[in-house]
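Here is how the chains run, residue by residue.
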Amino acid sequence: MAETIFKKIIDREIPADIVYEDDLCIAFHDVQPQAPVHVLLIPKREIENVAALTESDRDLAGHLLVKVHEVAKLLNLESGYRIVANCGRDGGQSVDHLHIHILGGRSLTWPPG
Ligand code: 5GP
């Protein structure tokens, strides 16, 4: 898979406002926030999207989901938040590196567009 802008963030080749990092993942503020708080949580390993996950990624996928709430707590989203993982063209994915959007800081409407 082609290297993305997110790989450059992981490698510190371009700056990002990082809020959390461990051996497996990193979270940083979205450059075009769609809510008062909008953070992207991504694996450091390059995986294109949810559709590219396999059984061998089970631990990493679980790690990401568990870290969502830890990151949300760091962001003071105690009254709630939404997670989104756009997948593929119809899903609205624009960066081909798996990422979980964490959105909050206001009451979010449903359904999304
Ligand atoms: P997608 O549309 O693939 O679900 O989400 C990609 C997200 O990455 C978008 O919300 C977009 O604003 C964000 N994004 C794209 N380029 C950059 C960048 O260079 N830095 C940061 N922090 N976010 C980016």
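Residues numbered from 1 in each chain as written. Predicted model: local features only at pLDDT ≥ 70, side-chain atom pairs only at ≥ 80, totals over all residues. Heavy atoms only, no water.

**Q** I'd like a description of the nonpolar core, backed by residues and values.
**A** Of all hydrophobic cores here, the largest spans 17 residues; its most connected members are Ala27, Leu41, Leu64, Val71, Leu75, Leu77 and Ile102. Elements supplying a minimum of two residues to this core: strand E2 (25-29), strand E3 (37-43), helix H2 (58-74) and strand E5 (100-104). (Core = buried A, V, L, I, M, F, W, Y, C linked by side-chain atoms within 4.5 Å. Buried < 20%, exposed > 50% of the residue type's maximum accessible area, 1.4 Å probe, protein only. Helix = DSSP H or I, 4+ residues; strand = E, 2+ residues; numbered from the N terminus.)

**Q** How would you sum up the packing of aromatic side chains? Please name residues and give values.
**A** Tallied over the full model, the rule gives one aromatic pair. Consider the rings of phenylalanine 6 and phenylalanine 28, whose centres lie 5.5 Å apart with planes at 75 degrees: the pair is edge-to-face. Placement of phenylalanine 6 in helix H1 (residues 5-10) and of phenylalanine 28 in strand E2 is noted, with a sequence separation of 22 residues between them. For the pair phenylalanine 6 and phenylalanine 28, a shared accessibility class is recorded, and that class is buried. (Phe/Tyr/Trp six-rings, centres within 6.5 Å; stacked < 30°, edge-to-face > 60°.)

**Q** Please give an account of the pattern of salt bridges that cites residues and values.
**A** Should the charged atoms of two oppositely charged side chains come close, the side chains can pair. Counted under the stated rule, the structure contains eight salt bridges. Residues arginine 45 and aspartate 57 are paired through a salt bridge, measuring 2.9 Å at the closest nitrogen-oxygen approach. Remark: aspartate 57 occurs in the loop between E3 and H2 and arginine 45 occurs in the loop between E3 and H2; sequence separation between them is twelve residues. For aspartate 57, a relative accessible area of 6% corresponds to the buried category. We note a salt bridge from glutamate 70 to lysine 67, for which the minimum N-O separation is 2.9 Å. (Salt bridge = Lys/Arg side-chain N within 4 Å of Asp/Glu carboxyl O.)

**Q** Requested: an account of the site of the ligand, with residues and values cited.
**A** Neighbouring the ligand are 17 residues, the closest being Asp30, Asn86, Ser94, His99 and His101. Interatomic distance of 3.3 Å between a backbone N/O atom of valine 31 and a nitrogen atom of the ligand. Here an oxygen atom of the ligand sits 2.9 Å away from a polar atom, N or O, in the side chain of histidine 99. Relative to its free-state accessible area of 520 Å², the ligand is covered by the protein chains to the extent of 83%. Considering every element that reaches the shell around the ligand, the biggest residue donor is H1, with three residues. Grouping the constituent residues of the shell around the ligand by class yields eight nonpolar, eight polar and one charged. (Near = heavy atom within 4 Å. Polar contact = N/O pair within 3.5 Å; in protein donor to acceptor, adjacent residues only side chain to side chain. Areas by Shrake-Rupley, 256 points an atom, 1.4 Å probe, with all protein chains shown as cover. Nonpolar A, V, L, I, M, F, W, Y, C, P; charged D, E, K, R; others polar.)

**Q** Please set out the environment of leucine 103 residue by residue, giving values where relevant.
**A** Examined against the element boundaries, leucine 103 turns out to sit in strand E5. For leucine 103, a relative accessible area of 11% gives the class buried. Separated by 22 residues in the primary sequence, leucine 103 and tyrosine 81 have C-alpha atoms spaced 5.5 Å apart. Dropping the residues within four chain positions of it, leucine 103 is found in contact with Gln34, Ala35, Val37, His38, Tyr81, Arg82, Val84 and Leu108. (Contact = heavy atoms within 4.5 Å.)

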